[in-house]
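Summary of the model geometry
The chain contents come next:
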Amino acid sequence: ITSAPVMAMVWEGPNAIQAIRQTMGATNPLEATPGTIRHDLALLTSRNLTHASDSVESAAIEINNWFKPEEISSWERTNENWFSGSN
C-alpha cells in the first residue's frame, strides 16, 4: 500500500476474512474469478488494488498498524436475531 489514496476499514463477522478475500479475487488478476475486484479492475499483480488479511492473527497486527482502538466502532444489526432464529 504505497501509492494512491487508501481506504482502510475493518470488517468482522462469521467468515469475514474468507468472504472479503473471495470478493477481492485471486492475487493474480489473470487467475481471479470474473466478478471479483481484481479480475474486473486490475491488470498486474504488482499493481494490486486491494489487500486483506489472510488470518485472524494477521488482521490483529494490521488493524493495530492502521487504527487506534478508539477509531474502531462496532454495530449490531437490529434484525440479526430475527434472521438467525435465536429469539
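Just above, that's the structure.
Fair warning: this is a prediction, and the values are worked out from it, not measured in the lab. (Residues numbered from 1 in each chain as written. Predicted model: local features only at pLDDT ≥ 70, side-chain atom pairs only at ≥ 80, totals over all residues. Heavy atoms only, no water.)

1. Looking at the layout of surface pockets
Stated precisely, the cut-off is as follows: Buriedness for pockets is judged along seven lines, at least five of which must meet protein on both sides within 12 Å for an open set on the 1 Å grid over protein atoms alone, while cavities are sets there where a 1.4 Å probe fits but cannot get out, and lining residues have an atom within 4 Å of a point. Grid points are joined across faces, edges and corners, and a volume is the space filled by probe spheres set on the points. Residues are grouped as follows: Ala, Val, Leu, Ile, Met, Phe, Trp, Tyr, Cys and Pro are nonpolar; Asp, Glu, Lys and Arg are charged; every other residue, Gly included, is polar.
Approximately 530 Å³ is the volume found for the second largest pocket. Around the second largest pocket, the lining is made up of 15 residues, and of these Val10, Trp11, Glu12, Gly13 and Trp75 lie nearest the centre. Of the residues that constitute the lining of the second largest pocket, the class distribution is seven nonpolar, three polar and five charged.

2. Notes on the environment of Glu31
The test is simple: Helix numbering and strand numbering both begin at the N terminus, where a helix is a DSSP run of H or I of at least 4 residues and a strand a DSSP run of E of at least 2. With a 1.4 Å probe rolled over the protein chains alone, any residue whose accessible area is under 20% of its type maximum counts as buried; one over 50% counts as exposed, and the rest are partly exposed.
Counting through the fold element by element, Glu31 comes out in the loop between helix 1 (16–24) and helix 2 (37–41). Given the relative accessible area of 60%, Glu31 is considered exposed. Residues Glu31 and Gln18 lie 13 residues apart in sequence; the distance between their C-alpha atoms is 17 Å.

3. Some thoughts on unusual backbone geometry
Glycine aside, the phi torsion of most residues is negative, and most peptide linkages are trans. Here Asn15, not a glycine, exhibits a phi torsion of approximately 60°, which is positive. Structurally, Asn15 can be placed in the segment before helix 1. Residue classification places Asn15 among the exposed positions, given a relative accessible area of 55%.

Keep in mind that these numbers describe shape and distance, not what the molecule does.
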